[in-house]
Amino acid sequence: MEFNLKDQDVIVVGGAGYIGSHVCKMIADCGGRPITFDNLSCGHAHAVKWGPLEQVDVRDTPALCAAFERWPAIKTVVHLASSIEVGIGETQPAEFYENNVLGALSLLNAMRKAGADRLIFSSTCATYGERDTMPIREADPQLPFSVYGKTKLAIEHMIQSYHKAYGLNYVTLRYFNASGADGSGEIGEEHDPETHLIPIALMAAAGKRGPLTLFGMDYDTPDGTCVRDYIHVNDIARAHLMAMEKFSGGLANAQINIGTGKGYSNLEILEMIEAVTGLKVPYTKGPRRDGDLTELYAHCGHAKAVLGFTPTHSDLENIIKSAWGFHKRVWGL
Ligand code: UFG
């Protein structure tokens, strides 16, 4: 095992979700125990397999404090629970600000009361906004374009204030595009509704839905479609475990990009899906989606310098193969 978490308990808020369940599995695989806090509004009880579930809503501070009291010795919290779909945030900002910003504030206050002083926060490259130059570095300006990105940036600021005033130790991980699935086939991307490119394209290829709509083919990129940096969900999980190790070494505050440094266009993703599955991905051209940025990919030097992190699972073919393996199992193909 790459990490040793023997006998360590960790609270994973949003542990029933896509990234959360992969983080929980890796904690357990490395000898620790994940305690999932999740209201199951988006996550799935069947994805909580590696430790107990506290069914609690992060916005409900009294219930959250009561849950923390049942795990009094735990110092480390991973916070992944949030509304994530960029397009939906544009039309439902009230829900996004409430779930994300108020939810995080409630969690920070419950942690403070419980004396849990180590936080790994799930942020996003969507906090940076539209830029002329790539790759994106952590010190670049954060001018988010989408409601989703704005909520995550507000939380980053809250966390920094809690660090300064109350001594909270934190690592903020700004993920690029989470993708792929654990090789076991037990867990994978299961959003409802699904809004992400790879699972939607796999559904379209397998005949589980109609053609995919490609949102905008007139972007200023080589093939006219948006470019994203796809990082395997197990690499994201590894970054969390590295951050846990660094807390023990004295790391107290860091903002770190978690990506590969390479961008793929939406059409390149469809090509790889066709190559891996041997199926055509039917698609139609649609208008641009509100909140979408042209191009996003990470500068990865800080992740390597601070965490020692480099991706080991994020070859695009491996990402698509693992996602396809999971969906084939779910669909009984
Ligand atoms: N896309 C389509 N058709 C679809 C779905 C997506 O063309 O049916 C396009 C999008 O317009 C975008 C690209 O595929 O150009 C990727 O879209 P996703 O929805 O898969 O991912 P996003 O980049 O919008 O967002 C995701 C996560 C966020 C994260 C962000 C960082 O949802 O949490 O990556 O880029 F912050």
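Every chain begins its residue count from 1, and numbering advances along the sequence as written. Owing to the predicted nature of the model, reporting of local features is limited to residues with pLDDT of at least 70; listing and counting of side-chain atom pairs is limited to 80 or more, with chain, interface and lining totals taken over all residues. Computation of side-chain values covers all heavy atoms of the structure but excludes hydrogens and water.

Undergrad: If you had to explain empty space enclosed by the protein to someone new, which residues and values would you point to?
TA: Using only the protein atoms, space was sampled on a 1 Å grid; points where a 1.4 Å probe fits but cannot get out form cavities, open sets with protein on both sides within 12 Å along at least five of seven lines form pockets, and lining residues are those with an atom within 4 Å of a point. Grid points are joined across faces, edges and corners, and a volume is the space filled by probe spheres set on the points. Overall, the coordinates contain one cavity of 30 Å³ or more when judged by the stated rule. Roughly 30 Å³ of internal volume is contained in the largest cavity. Lining the largest cavity are His79, Ala104, Leu107, Leu108, Leu119, Phe121 and Ile159. Of all the secondary-structure elements, those providing two or more residues to the lining of the largest cavity are α4 (93–114) and β5 (118–124). A total of three residues in the lining of the largest cavity trace back to one element, the largest contributor, which is α4. Three classes are used, and their members are as follows: Ala, Val, Leu, Ile, Met, Phe, Trp, Tyr, Cys and Pro are nonpolar, Asp, Glu, Lys and Arg are charged, and the others, Gly among them, are polar. Looking at side-chain class alone, the lining of the largest cavity contains six nonpolar, one polar and no charged residues. For helices the rule is a DSSP run of H or I covering at least 4 residues; for strands it is a run of E covering at least 2, with both sets numbered from the N terminus onward.

Undergrad: Describe the packing of helix α1 (residues 18–29) against helix α7 (residues 233–248), naming the residues involved and giving the relevant values.
TA: Angles here are taken between N-to-C directions and fall from 0 to 180 degrees, while the axes themselves are lines fitted to C-alpha atoms, restricted in helices to the stretch in contact. Remark: α1 packs on α7, axes separated minimally by 9 Å, with the N-to-C direction vectors making an angle of 55°. In this view, α1 runs oblique relative to α7, as classed from their interaxial angle. Handedness of the α1/α7 crossing: right-handed. On the side of α1, the interface is formed by Tyr18, Ile19, His22, Val23, Met26 and Ile27, while α7 contributes Val233, Asn234, Ile236, Ala237, Arg238, His240, Leu241 and Met244. Between 65 and 115 degrees an angle is taken as roughly perpendicular, under 35 as roughly parallel, over 145 as roughly antiparallel, and anywhere else as oblique. The crossing is said to be left-handed when, going from far helix to near helix, the turn is anticlockwise and less than a right angle, and right-handed when the turn is clockwise. Contacts are assigned to residue pairs with any non-hydrogen atoms lying within 4.5 Å of each other.

Undergrad: Break down the sheet that holds strand β3 (residues 53–55) for me, citing the residues and quoting the values.
TA: Pairing between strands is defined by DSSP: at least two bridges between the two strands are required. Across the sheet, seven strands lie side by side as β3-β2-β1-β4-β5-β6-β11; this open sheet has parallel pairing. The open sheet has two edge strands with one neighbour each: β3 and β11 (253–258). Pairs of neighbouring strands in the sheet enclose a mean axial angle of 20°, with direction left out of account. Against the sheet, α1 touches β1 (9–13), β2 (33–38) and β6 (169–175), its axis set at about 160° to β2. Packing against the sheet, helix α5 (residues 147–166) makes contact with β5, β6 and β11, and its axis sits at approximately 155° to β5.

Undergrad: So what about the nonpolar core? Which residues, and what values?
TA: Judged by nonpolar contacts, the single largest core of 37 residues is most densely connected at Leu173, Ile258 and Leu307. Of all elements in the fold, only β1, α1, β6, α7, β11 and α9 (301–307) reach the threshold of two or more residues within this core. It is α7 that contributes the most residues to this core, nine residues altogether. Apart from residues lying up to four places away in sequence, Leu307 is in contact with Leu173, Ala239, Met242, Ala243, Lys246, Leu251, Ile256, Ile258 and His302. Put simply, a nonpolar core is a bunch of buried Ala, Val, Leu, Ile, Met, Phe, Trp, Tyr and Cys residues held in one set by side-chain atoms that sit within 4.5 Å of each other. Here's how the labels work: a residue is buried when its accessible area is under 20% of the maximum for its type, exposed when over 50%, partly exposed in between, all with a 1.4 Å probe on protein chains only.

Undergrad: I'd like to hear about the site of the ligand, residue by residue, with values.
TA: Of all residues adjacent to the ligand, which total 22 residues, the nearest are Thr124, His196, Thr213, Arg289 and Asp292. In the environment of the ligand, an oxygen atom lies 2.5 Å from a nitrogen or oxygen atom belonging to the side chain of Asp292. Surface burial for the ligand is 93%, taken as the share of its 680 Å² of free accessible area covered by protein chains. No other element matches strand β8 (residues 212–215), which puts four residues into the shell around the ligand. Residue classes in the shell around the ligand are distributed as 13 nonpolar, six polar and three charged. Note on definitions. A residue lies near a molecule or strand when any single heavy atom of the residue is within 4 Å of it. Between N or O atoms, a polar contact is any pair within 3.5 Å; within protein, one atom must be a potential hydrogen donor and the other a potential acceptor, and residues adjacent in sequence are included only when both atoms are from side chains. Using the Shrake-Rupley algorithm and a 1.4 Å probe, accessible areas are obtained, with residue cover drawn only from the displayed protein chains.

Undergrad: So, the packing of aromatic side chains: which residues are in play, and what are the values?
TA: Stacked, tilted and edge-to-face are the three classes applied to pairs of Phe, Tyr and Trp rings, where Trp contributes its six-membered ring and a pair requires centres within 6.5 Å; stacked means planes under 30 degrees apart, edge-to-face means over 60, and tilted covers the rest. With the rule as written, the count across this model stands at two aromatic pairs. Judged by centre distance (5.4 Å) and plane angle (75°), the rings of Phe37 and Phe68 are edge-to-face. Of the two residues, Phe37 is situated in strand β2 and Phe68 in helix α2 (residues 61–69); the sequence distance between them amounts to 31 residues. Residue class for Phe37 comes out buried when judged on its relative accessible area of 1%. Directly above the aromatic system of Tyr166 lies the positively charged group of Arg112, at a separation of 3.5 Å from the ring centroid. Two thresholds decide whether a charge sits over a ring: the Lys NZ or Arg CZ must be within 6 Å of the ring centre and within 35 degrees of the ring normal. Stacked on the ring of Tyr219, the Lys or Arg Arg288 has its end atom at 3.9 Å from the ring centre.

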